[in-house]
Amino acid sequence: MPYLSATNVHKTYKLKRHRIPVLRGASVSVEKGEFVAIVGATGSGKSTLLHLLGGLDRPDRDTADQQSDITFGGTSFKSMWGRRLDRYRAESVGFVFQFYHLLPELNILENVCLAAMVNKGRLRYDKAAATAKAEALLAELGLSHRLGHRSGELSGGERQRVALARALINDPPLLLADEPTGNLDAKTGGGIMDQLLAHRKATGQTMVIVTHSAEVAARADRVVRLVEGRVVNE
Ligand SMILES: Nc1ncnc2c1ncn2[C@@H]1O[C@H](COP(=O)(O)OP(=O)(O)OP(=O)(O)O)[C@@H](O)[C@H]1O
Ligand SMILES: [Mg+2]
């Protein structure tokens, strides 16, 4: 049984009268502890697929001749509506968005701690512990000198690293990262990958990373490519 899988997934965006079929029977499966890189041309549907895997969006509905499924730990997302899906997102997944989605009015420490607050709920949230952990993560990512800055004041590469710290603060067993080094120079990006891989080695974390970088893809256990709405193995 794969740890995470998508089988024959379709996703069509609808804009007014236009239908934009992006995924047309995409399938991918990821074993526990594996690091899979997803590559493909711009607009090929990589972010779309990652959002579906993270339970952030739903695939097209099944039809009589088109059955699909997405599963985590053997459980189908079809049976994970509402709070169960919320729990999957909050407890099992760390998600790094391609465009960060940080809150510009909060400083970077607050942005990272917010994820811990959402994860724990108001009653179980331990502000001191979360702050200490967020500071340690941000230090590892080279951002100690920026803790009090609003995220709106940071460069793209700095925001990207804050987004990574936010994704990691709850020690998620599954990291889904959309171009986590896309705005970093090769050296900084390589350093971030070193940290992610060290973290994975220590925790057994499963990673799915969307990337345009050949260097990042080269470090994955397996590379899959999106072509015409389907996944092909490299
Ligand atoms: N919410 C949306 N509404 C309509 N069309 C969308 C939406 N999101 C994505 N698309 C379209 O779906 C296609 C795939 O988008 P997606 O963001 O998944 O590509 P991508 O492979 O991640 O590209 P990139 O490498 O540029 O990040 C694109 O043609 C895009 O315009
Ligand atoms: Mg994308």
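Now for a look at the structure at hand. Just so you know, these numbers come straight off a predicted model, no measurement behind them.

Reading guide: rules and limits
Residues numbered from 1 in each chain as written. Chains lettered and ligands numbered in written order. Predicted model: local features only at pLDDT ≥ 70, side-chain atom pairs only at ≥ 80, totals over all residues. Heavy atoms only, no water. Helix = DSSP H or I, 4+ residues; strand = E, 2+ residues; numbered from the N terminus. Buried < 20%, exposed > 50% of the residue type's maximum accessible area, 1.4 Å probe, protein only. Polar contact = N/O pair within 3.5 Å; in protein donor to acceptor, adjacent residues only side chain to side chain. Contact = heavy atoms within 4.5 Å. Near = heavy atom within 4 Å. Areas by Shrake-Rupley, 256 points an atom, 1.4 Å probe, with all protein chains shown as cover. Axes fitted to C-alpha atoms, helices over the stretch in contact; angles between N-to-C directions. Parallel < 35°, antiparallel > 145°, perpendicular 65-115°, else oblique. Left-handed = near helix turned anticlockwise from the far one by under 90°. Nonpolar A, V, L, I, M, F, W, Y, C, P; charged D, E, K, R; others polar.

### Overview of the side chain of Ser68
No. 1: Assignment of secondary structure puts Ser68 in the loop between α1 (46-53) and β4 (69-72).
No. 2: Owing to a relative accessible area of 9%, Ser68 belongs among the buried residues under this scheme.
No. 3: There is a polar contact of 3.0 Å between the side chain of Ser68 and the side chain of Asp62.
No. 4: When sequence neighbours within four positions are dropped, the list of residues in contact with Ser68 reads Thr7, Asn8, Val9, Asp60, Asp62 and Lys78.

### Some remarks on the site of ligand 1
No. 1: Around ligand 1 sit 13 residues, and of these Thr42, Lys46, Ser47, Thr48 and His212 come closest.
No. 2: One nitrogen or oxygen atom from the main chain of Ser44 is found 3.2 Å from an oxygen atom belonging to ligand 1.
No. 3: Between Lys46 and ligand 1, the recorded distance is 2.7 Å, taken from a side-chain N or O atom to an oxygen atom.
No. 4: A total of 640 Å² of accessible area belongs to ligand 1 in isolation, and the protein chains cover 65% of it.
No. 5: Contributions of two or more residues to the shell around ligand 1 are made by β1 (4-15) and α1.
No. 6: With three residues, the single largest contributor to the shell around ligand 1 is α1.

### Some remarks on unusual backbone geometry
No. 1: Notably, Lys16 is not glycine yet its phi reads approximately 50°, a positive angle.
No. 2: Here Lys16 is to be found in the loop between β1 and β2 (18-30).
No. 3: Residue Lys16 is classed as exposed on the basis of its relative accessible area, which comes to 87%.
No. 4: Positioned with a positive phi, Glu228 is a non-glycine residue whose angle comes to about 50°.
No. 5: Its location among the elements puts Glu228 in the loop between β9 (222-227) and β10 (230-233).
No. 6: Residue classification places Glu228 among the exposed residues on the basis of a relative accessible area of 68%.

### Focus: the packing of helix α3 (residues 108-124) against helix α5 (residues 156-168)
No. 1: Between α3 and α5, the shortest axis-to-axis distance is 7 Å and the interhelical angle comes to 30°. Here α3 lies roughly parallel to α5, going by the angle between them. Crossing angle aside, the handedness with which α3 passes α5 is right-handed. Where α3 approaches α5, its residues Ile108, Asn111, Val112 and Ala115 are matched on the opposing element by Val162, Ala165 and Arg166.
No. 2: Among the residues forming the contact of α3 with α5, the class breakdown is five nonpolar, one polar and one charged.

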